[in-house]
Amino acid sequence: MSSPQTGVQEELSRDLNLFHITMMGLGMMIGAGVFVGIGMCSHSSGGGGLMVTFALNGLIALFSALSFAELASAIPRAGGTYNFARIAFGRPASFIAGWMEWLAASAAGGFYALVLMQTVFKFCVEFEWIDSVADGGWMGMDWRVRVFALGAVLVFVLINFRGSSETGKLGAIFTVGQMLFVVAIGIAGAVQFFLDPSRIENFQPFLGSGDWIGLLGTMGVIYVAFEGFEVIAQAGDETIDPRRNIPKAILYSVLIVTLTYLLVAFGTLVGLSMSDTDPATGQTLSQATNGAGENVAAWIGSHGHEGDSGFQAAVSVLLKGWGGLLVTLAVIFSATSALNATIYSATRAGYALGRDRMLPKAFSNIHPVTKTPWFSLLCTAGLILGVAAMLMIKDAGATASIMFLMLFLLVNVCVIRVRRHMGDELQYGFLMPLFPLFPILAILLQLGLAFGIFEESIVAWFVGVGWLVAGVGIFLFYSRSRAIQTEEEIHVFHEERHKQATAKGYNVMVALANPENALQLAQVTHRLCRPRKDTHVELIHMVPVPAQTPLDAAEEFMWAGREAIMESMLYLAMQNPISTTIRYCRSAARGIVTAVRQKKIKLLILGWHGKKSHSHFTIGSTVDPVMETAPCNILTLKNCGQNRKFKRILVPLAGGPNSRFTLETAAILASHDGGTVDILTVDTGRASKFDAEAFLAMHQSKLPIDPHAVSARKVPGSNIVETILDTAEEYDLVVMGNTHESRLQRMTHTPIPETIAERCDKPFIMCRSAKGIRRWLRRFI
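Asks: What is the right way to look at the pattern of salt bridges in this model?
Replies: Opposite charge on two side chains lets them pair, provided their charged atoms get close. Inspection of every chain in the model, using the stated rule, returns 14 salt bridges. As a salt-bridge pair, Arg 355 and Asp 356 come within 3.6 Å of each other at their nearest N and O atoms. The residues Arg 355 and Asp 356 share a single accessibility class, namely buried. Within the structure, one salt-bridge network assembled from shared partners comprises Glu 495, Arg 497, Glu 538, Arg 583 and Lys 599.

Asks: What exactly am I supposed to notice about the sheet that holds strand S7 (residues 648–652) here?
Replies: Sheets are built from strands that pair by backbone hydrogen bonding, the pairs being arranged parallel or antiparallel. Taking strand neighbours across the sheet as the criterion, the eleven strands line up as S1-S4-S3-S2-S5-S6-S11-S10-S7-S8-S9 in an open arrangement whose pairing is mixed. Looking at which strands have only one partner, the edges of the open sheet turn out to be strand S1 (491–496) and strand S9 (710–716). Here the average twist between neighbouring strands, direction ignored, is 20 degrees. By the bridge criterion, three bridges tie strand S2 (residues 506–511) to strand S5 (residues 603–607) in an arrangement that is parallel. Following the sheet pairing, Met 509 is matched in S5 by Leu 604. The sheet contacts of helix H21 (residues 659–672) involve S5, strand S6 (633–638), S7, strand S8 (676–683), S9, strand S10 (733–737) and strand S11 (764–768), and relative to S8 the element is tilted by about 145 degrees.

Asks: Just to check I follow, could you spell out the pairing of S6 for this structure?
Replies: One face of the sheet, then the other: side chains in a regular strand alternate in exactly this way. Judged by how many residues are buried, S6 sits mostly within the fold: six of six residues are covered. The alternating pattern of S6 places Asn 633, Leu 635 and Leu 637 on one face and Ile 634, Thr 636 and Lys 638 on the opposite face, and all of these are buried. Here S5 runs beside S6; their pairing, made up of five bridges, is parallel. When the sheet's bridge partners are listed, Gly 607 is paired in S6 with Leu 637. Both S6 and S11 contribute to a ladder of five bridges, which runs antiparallel. Of the residues in S11, the one forming a bridge with Lys 638 is Phe 764.

Asks: Help me understand the packing of helix H3 (residues 81–89) against helix H14 (residues 393–422) in this model?
Replies: Between two packed helices, the angle of one axis relative to the other and the distance separating the axes together describe the packing. Axis separation between H3 and H14 bottoms out at 9 Å; the angle between their running directions is 45 degrees. Comparing the axis directions of H3 and H14 gives the class oblique. Relative to H14, H3 is oriented so that their crossing is left-handed. Contacts between H3 and H14 involve Thr 81, Phe 84, Ala 85, Ile 87, Ala 88 and Phe 89 from the first element and Leu 407, Leu 410, Val 411, Val 413, Cys 414, Arg 417, Val 418 and Met 422 from the second.

Asks: What exactly am I supposed to notice about the packing of aromatic side chains here?
Replies: The geometry of an aromatic ring pair comes down to the distance between the two centres and the angle between the two planes. Throughout the structure, instances matching the rule amount to 22 aromatic pairs. Geometrically, the ring pair formed by Phe 63 and Phe 438 is stacked, given 5.3 Å between the ring centres and 20 degrees between the ring planes. Placement of the pair is Phe 63 in helix H2 (residues 33–74) and Phe 438 in helix H15 (residues 437–453), with a sequence separation of 375 residues. Taking the relative accessible area as the measure of exposure, Phe 63 reaches 7% and is therefore buried. Considering the side-chain rings of Phe 121 and Phe 148, the 5.5 Å spacing of their centres and the 70 degrees angle between planes classify their relative orientation as edge-to-face. Remark: Phe 148 occurs in helix H5 (residues 143–161) and Phe 121 occurs in helix H4 (residues 91–126); sequence separation between them is 27 residues.

Asks: Explanation requested: the environment of Leu 116 in the structure shown.
Replies: Along the polypeptide, Leu 116 turns up in helix H4. You can call Leu 116 buried: its relative accessible area is 3%. The spacing of Leu 116 and Thr 336 is 220 residues in sequence and 6.9 Å in space, taken between C-alpha atoms. Those residues within four positions of Leu 116 in sequence are excluded, and the remaining contacts are Ala 152, Ile 332, Ala 335 and Thr 336.

Asks: I keep staring at the side chain of Asp 678 and nothing clicks. Help me out?
Replies: You can see Asp 678 is positioned in strand S8. Overall, the relative accessible area of 10% leaves Asp 678 in the buried class. Separated by 2.8 Å, the side chains of Asp 678 and Ser 711 make a polar contact. Excluding its chain neighbours within four sequence positions, the residues that come into contact with Asp 678 are Arg 648, Ile 649, Leu 650, Val 651, Ser 711 and Tyr 731.

Asks: Would you take a moment to explain unusual backbone geometry for this structure?
Replies: Among all residues except glycine, the phi angle is most often negative; among peptide bonds, the trans geometry is most common. Of the consecutive residues Phe 435 and Pro 436, the connecting peptide bond is found in the cis state with omega at 0 degrees. Mapped onto the elements, Pro 436 comes out in the loop between H14 and H15. At Arg 357, a residue that is not glycine, the phi angle is positive and equals roughly 65 degrees. Following the sequence through the fold, Arg 357 ends up in the loop between helix H12 (323–355) and helix H13 (374–390). Even without being glycine, Lys 600 reaches a positive phi, approximately 55 degrees. Mapped onto the elements, Lys 600 comes out in the loop between helix H19 (588–598) and S5. Residue class for Lys 600 comes out partly exposed when judged on its relative accessible area of 38%.

Asks: What am I meant to see in H14 here?
Replies: Given 3.6 residues to a turn, an α-helix orients residues that are three or four positions apart in the same direction. The end-to-end C-alpha distance of H14, which contains 30 residues, comes to 42 Å, matching closely the 44 Å that a straight helix rising 1.5 Å per residue would cover. Within H14, 25 of the 30 residues are buried, which leaves it mostly tucked inside the rest of the structure.

Asks: Where do I start with the environment of Ser 45 in this structure?
Replies: Here Ser 45 is to be found in helix H2. Residues Ser 45 and Leu 216 lie 171 residues apart in sequence; the distance between their C-alpha atoms is 9.8 Å.

Asks: Explain the nonpolar core to me, please; I cannot follow it from the model alone.
Replies: Inside soluble globular proteins, nonpolar side chains tend to come together where they are buried. The biggest cluster of nonpolar side chains holds 151 residues, and the ones touching the most others in it are Phe 54, Phe 84, Trp 102, Phe 226, Phe 229 and Ile 250. With 18 residues, H4 is the single largest residue contributor to this core. Apart from residues no more than four positions distant in its own chain, Phe 229 is found in contact with Met 29, Ala 61, Ser 64, Ala 65, Phe 68, Ile 250, Ser 253, Val 254 and Phe 408. In this structure, Leu 512, Cys 529, Ile 582 and Phe 695 belong to the second largest nonpolar core, which totals 51 residues.

Asks: Help me understand the confidence of the model for the protein, please; the structure alone is not making it clear to me.
Replies: Residues with a pLDDT of 70 or more make up 82% of the protein, whose mean pLDDT is 81. Long-range and interchain partners of residues 1–9, a stretch whose pLDDT sits below 50, account for 25 contacts in this model, where long-range means more than four residues apart. Between residues 614–618, whose pLDDT stays under 50, and residues either more than four places distant or in other chains, the model counts eleven contacts.

Asks: Teacher, can you tell me more about the environment of Ala 97 here?
Replies: Note on placement: Ala 97 falls in helix H4. Sequence-wise, Ala 97 and Ala 349 are 252 residues apart; in three dimensions their C-alpha atoms are separated by 9.4 Å. Setting aside anything within four residues of it in sequence, one finds Ala 97 in contact with Thr 81, Tyr 82, Ala 85, Leu 407 and Leu 410.

Reading the values: rules and limits
- Residues numbered from 1 in each chain as written.
- Predicted model: local features only at pLDDT ≥ 70, side-chain atom pairs only at ≥ 80, totals over all residues.
- Heavy atoms only, no water.
- Salt bridge = Lys/Arg side-chain N within 4 Å of Asp/Glu carboxyl O.
- Buried < 20%, exposed > 50% of the residue type's maximum accessible area, 1.4 Å probe, protein only.
- Pairing = 2+ DSSP bridges.
- Helix = DSSP H or I, 4+ residues; strand = E, 2+ residues; numbered from the N terminus.
- Axes fitted to C-alpha atoms, helices over the stretch in contact; angles between N-to-C directions.
- Contact = heavy atoms within 4.5 Å.
- Parallel < 35°, antiparallel > 145°, perpendicular 65-115°, else oblique.
- Left-handed = near helix turned anticlockwise from the far one by under 90°.
- Phe/Tyr/Trp six-rings, centres within 6.5 Å; stacked < 30°, edge-to-face > 60°.
- Polar contact = N/O pair within 3.5 Å; in protein donor to acceptor, adjacent residues only side chain to side chain.
- Expected span 1.5 Å × (residues − 1).
- Core = buried A, V, L, I, M, F, W, Y, C linked by side-chain atoms within 4.5 Å.
- pLDDT = per-residue confidence, 0-100.

What follows is the structure in structure tokens.
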């Protein structure tokens with residue numbers, strides 16, 4: 001199917017290989033956060049706690065990285081989280097995701113620009129090239145720092161304008177440089193440890209002056225150092241073989257960064273001894289702690305809770321005075337690399353919003369020579385310049401952290417929803433193991449980290465909330481009416497809503513595929529709806545548009561659906577209010593489930609021709625995923641025919657979660673024709689926990705049928721399937737509960753209900769109920 005977008009869209013050039021995008025992710029992650037984090041958190045967390053903090057944060061980042069890797073391999077397009085949210089939850093969520101991602105990367109860019117220039121000016125002061133750097137001044141900082149930060153932003157904007165190849169090459173150079181400096185510090189400390197293993201005592205007390213609960217706050221503060229791998233997901237349109245290379249780059253970057261941070265933290269702590277002399281003061285470290293604690297971590301932490309002073313002082317001692325220069329160079333390389341990557345990421349977020357017309361079309365304009373989204377880059381530059389000009393370093397970093405944390409939470413929810421609802425539609429280059437364990441763990445752990453970030457900056461919360469409010473207004477008054485539908489979305493061709501339809505009533509949806517099965521579905525629906533007076537029926541038809549056919553030619557494929565809807569309306573309209581909808585979705589199952597959620601459906605009725613459509617499905621490529629994910633009760637009908645009377649109904653039960661719903665359905669159908677219901681259990685000679693007589697006694701008085709018309713029957717048999725099929729020959733209809741096994745479980749074997757459904761020649765109805773927590777989870781995920 002061709003994309004529903006119109007016109008010719010300039011494409012970004014594919015110049016980035018695995019090395020380029022890995023370096024891009026590393027460049028954004030190994031920023032000033034690690035240096036500041038070691039200095040800020042050493043005192044409160046202790047040496048051992050600092051190592052645990054980096055290890056656990058790396059593990060949490062890896063959980064989210066698995067989600068990013070899976071989604072980016074299936075949806076390798078510029079936009080990252082914006083694209084994931086659009087496919088998973090639709091336009092509103094995707095716009096907010098893209099809007100947040102744009103601010104997150106831009107705020108991070110402003111943060112790194114300020115850190116870069118502040119470090120440069122501190123370096124100049126140390127060499128007496130300038131007198132001092134003022135603490136006050138322009139918005140709380142020396143005006144020269146801000147002016148040069150603005151200049152640095154403009155320089156890297158120009159580099160990004162020259163194309164992704166230039167951006168990737170320069171980013172790789174800076175990243176290699178920063179990695180060399182950082183690893184050198186870690187190795188120097190490790191060498192000192194091997195020469196004097198007694199320095200392992202620097203990790204005592206293990207948690208310093210803090211405790212395990214306080215460690216959560218430390219993790220929240222340092223987690224900013226693990227943000228950045230998401231920029232790789234933005235490079236889908238410009239990466240060579242993105243389905244293969246993007247997942248690798250995301251996972252490689254997180255693993256390399258975590259190991260690097262652990263090496264640096266370990267080397268910093270064991271590279272020092274309390275008897276070492278601080279070249280800045282001439283005192284031993286023990287004398288310099290001034291009661292802060294007799295350990296290296298306490299000495300590092302005694303340099304204050306702002307900036308990288310503690311880390312820089314530690315490296316100065318470790319490298320005998322050269323540490324200040326080395327740390328300065330490391331911060332410069334780290335900040336420039338991260339600034340380059342954040343500009344790239346923010347620009348692609350704006351480009352994606354413009355490409356889908358969530359923002360004006362100009363955001364998607366590609367420069368004919370450099371193949372870069374120049375207008376989005378220009379607007380991103382303005383946003384980063386605003387952050388660098390108006391916010392303090394702490395507030396800029398906190399704003400980025402808050403936005404990124406929200407985005408990571410959203411991505412972990414998206415990966416669960418996309419796998420459940422679109423797993424059969426997308427082409428994955430990577431699938432995480434043990435799904436959905438890791439995204440669930442990431443969601444829970446990141447919610448915990450949020451407690452460590454909430455109090456970091458009030459200004460950041462004002463900026464973040466203000467940005468979100470502005471985004472909601474833009475979506476409501478601009479984006480909602482202009483956004484282009486993507487081929488992954490649901491396209492509504494026709495919809496007519498009855499004036500009596502409400503979400504509070506008993507809403508029944510009937511999925512109609514063609515006129516041949518329309519009347520039998522309508523007749524069964526008519527019988528099921530009679531006992532309730534508040535029933536509203538929704539008739540839905542999913543248009544089967546061939547893959548290469550444009551949507552504007554879909555009219556010719558609607559006639560079968562229109563005819564089926566008309567036949568059903570003629571039969572049902574006298575009894576119930578009827579609404580109708582005709583839609584297209586690349587997956588009919590996803591289209592049906594989406595409509596079920598939107599319209600608050602309580603009961604879904606499907607038809608089945610009786611044969612498997614694919615070896616991977618136990619019933620069919622449409623019915624299987626609907627049965628697994630729809631948040632409502634479901635009935636699947638086979639061979640129910642027209643004008644059939646169901647005088648004798650067989651209900652095989654074994655005590656599963658569908659038993660009550662199955663019996664109620666059979667009772668309603670039997671009462672319509674004055675029939676009877678027999679509950680069947682097969683006596684295989686083995687002990688059974690299900691007592692049909694007790695089950696019937698519990699529910700008999702609540703059934704919409706004469707209690708004497710329902711009875712329990714036990715039939716001996718060694719083979720359950722054959723016994724039920726033989727017994728079914730005596731009846732007019734078989735009503736049976738479906739299994740609650742997952743599709744993966746059903747791929748290894750065909751459950752008994754599905755086997756009987758396929759082999760039974762009698763009219764057959766398969767029932768599946770959705771209640772309690774299962775129904776709630778399906779409603780939202």
